Amino acid sequence: MSECSFFSPPVSVFDYSILIIFLIAMFTVSVGGYWSGVPDEDAGGRSLSDSGNSEKKQSDKNVSFTVFTVLIFVAVCCVMLVLLYFFYKYLVYVVIAIFCLASALALYNCLSALVTKITVGRCRFTFRTKVIEVRLLFLATFCIALAVIWAVFRNEERWVWILQNILGIAFCINFIKTLKMPNFKLCVLLLILLLIYDVFFVFITPFFTKNGQSIMIEVAAGPSSDEKLPVVIRVPRLMNSAQTQCTVMFSLLGFGDMIVPGLLIAYCRRFDVRIDSRIYFISCTLAYAVGMVIAFTVLILTKMGQPALLYLVPFTIITSTVIAWRRGEIKMFWKGSSYEVLESSRKPLLQDDEPPGVISE
């Protein structure tokens, strides 16, 4: 009697795709956070009030959160996730269309900022009283074409993940540098609410669903559909196993795991510019790195998907708070741009109350 055996490659202990995702995440939050402070730095804004004025001048490019918009943002995230769970096969195409438009625009915004730094090739023409640079027109065409190519070949697993990652990184960087948190108070509110949202839909919802699966994982995996939501960074698993030999398997990281902590990192960067420092941006970025390492370590040990915000939010918030407290700047850091406005509004009153003969500096 003959025997037949199948070859199974030795299983790797460590999947190096996790390292690539880590580097992508660090690059995205670092670039987005640093870029967020460039307008303040260019304005020479070392004071909070001056920076606030410069932000108003750029209101057409930047959007600031308020308590109301934070609550609306979190509510929309919850409603959208539940709707995707029940109507996935219809809404997935809406998300794909939005991703194509938003990512193409984000890629253009990121690349145009670099292209405009080049001092050669500034050929222009006038169209209906508007002056248009030829190179920016070609750049817009390139960005749109890239998004269209991804949309057409989005289910091709061998190579299209590269395009999705490029568009996704540009989308996250543009989101972080454009949407600005005015103070640490709103950062804490947003991050804690989204942490609760993440934990609830990963760990709590399995008790309410019929199949015992979490709503978050079901939506991310694409229930009974070949279409996947383009809201993750995807890297093929770089490990030897029977599964990876037969099909392409991916390690994933959601855009929210970069954008949400990235908004706090961006606030730390702008605060650093206002007080002529670097400690907040560097410390918060390093805290994000530590949180990512812990999240991946737990993922490897438990072999279960983890809500990364569960580790990223505490590390970034606690680190920023400790730095501000040790430097004696916690009140200014907490109130942000409104702190100096309040302080400056008191100065005329104090000066008016001074006794005669006292000259204010």
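Below or above, wherever it landed, is the structure these notes cover. Predicted, not measured: the structure shown is a model, and the values here were computed from it.

### Topic: the pattern of salt bridges
Here comes step 1: A full pass over the atoms with the stated rule returns five salt bridges.
Here comes step 2: Close ionic contact of Asp40 with Arg274 constitutes a salt bridge, the shortest N to O distance being 3.5 Å. Residue Asp40 is found in helix α2 (residues 38-42), and its partner Arg274 is found in helix α11 (residues 256-275); the two are separated by 234 residues along the sequence. A single burial state applies to Asp40 and to Arg274, both of which are buried.
Here comes step 3: One salt bridge connects Arg269 with Glu41, and the closest N-O pair in it is separated by 2.9 Å. In this pair, Arg269 sits in helix α11 while Glu41 sits in helix α2, placing the two residues 228 residues apart along the sequence.

### Some details on α11
Because an α-helix completes one turn every 3.6 residues, residues spaced three or four positions apart along the sequence face the same direction.
Here comes step 1: Between its terminal C-alpha atoms α11 stretches 29 Å, which fits the 28 Å expected from 20 residues at 1.5 Å a residue.
Here comes step 2: The sharpest bend along α11 reaches about 30° and sits at Gly262.
Here comes step 3: Of all 20 residues that make up α11, 18 are buried, and the element is covered over most of its length.
Here comes step 4: Looking at the residues trailing α11, positive phi occurs at Asp276, about 60°.

### A word on the packing of aromatic side chains
By convention here, two paired aromatic rings are described through the distance between centres and the angle between planes.
Here comes step 1: As enumerated under the stated definition, the model contains 17 aromatic pairs in all.
Here comes step 2: Plain terms: the ring middles of Phe65 and Phe73 are 6.0 Å apart, the flat faces sit at 75° to each other, and that makes the pair edge-to-face.
Here comes step 3: You can call Phe73 partly exposed: its relative accessible area is 29%.
Here comes step 4: Members of the aromatic cluster, connected to one another through ring pairs, are Phe184, Tyr267, Phe271, Tyr280, Phe333 and Trp334.
Here comes step 5: A cation over an aromatic ring shows up here: Lys177 above the ring of Trp35, its NZ or CZ 4.8 Å from the ring centre.

### A look at the packing of helix α5 (residues 88-115) against helix α7 (residues 160-178)
The relative placement of two packed helices comes down to the angle between their axes together with the axis-to-axis distance.
Here comes step 1: Look at α5 against α7: their axes get within 8 Å of each other, and the N-to-C directions meet at 70°. If you check the angle between α5 and α7, you find them roughly perpendicular. For the pair α5 and α7, contact is made by Phe99, Ala102, Ser103, Ala106, Leu107, Asn109 and Cys110 and by Gln164, Ile166, Leu167, Gly168, Ala170, Phe171, Ile173 and Asn174, respectively.
Here comes step 2: Of the residues in the contact of α5 with α7, the class split is 10 nonpolar, five polar and no charged.

### Regarding a nonpolar patch on the surface
Here comes step 1: A surface patch of nonpolar side chains, about 710 Å² in accessible area, is lined by Ile144, Val148, Ile149, Val152, Phe153, Trp159, Ile162 and Ile166.
Here comes step 2: Secondary-structure elements contributing two or more residues to the nonpolar patch are α6 (134-152) and α7.
Here comes step 3: The element best represented in the nonpolar patch is α6, accounting for four residues.
Here comes step 4: Among the structural elements, Ile144 can be located in helix α6.

Parameters at a glance
Residues numbered from 1 in each chain as written. Predicted model: local features only at pLDDT ≥ 70, side-chain atom pairs only at ≥ 80, totals over all residues. Heavy atoms only, no water. Salt bridge = Lys/Arg side-chain N within 4 Å of Asp/Glu carboxyl O. Helix = DSSP H or I, 4+ residues; strand = E, 2+ residues; numbered from the N terminus. Buried < 20%, exposed > 50% of the residue type's maximum accessible area, 1.4 Å probe, protein only. Expected span 1.5 Å × (residues − 1). Bend = angle between axes of the 7 residues up to and from the residue. Phe/Tyr/Trp six-rings, centres within 6.5 Å; stacked < 30°, edge-to-face > 60°. Lys NZ or Arg CZ within 6 Å of the ring centre and 35° of its normal. Axes fitted to C-alpha atoms, helices over the stretch in contact; angles between N-to-C directions. Parallel < 35°, antiparallel > 145°, perpendicular 65-115°, else oblique. Contact = heavy atoms within 4.5 Å. Nonpolar A, V, L, I, M, F, W, Y, C, P; charged D, E, K, R; others polar. Patch = residues over 30% accessible without salt bridge, like charges linked within 9 Å, V, L, I, M, F, W, Y side chains within 5 Å. Areas by Shrake-Rupley, 256 points an atom, 1.4 Å probe, with all protein chains shown as cover.

These figures capture arrangement, not role.
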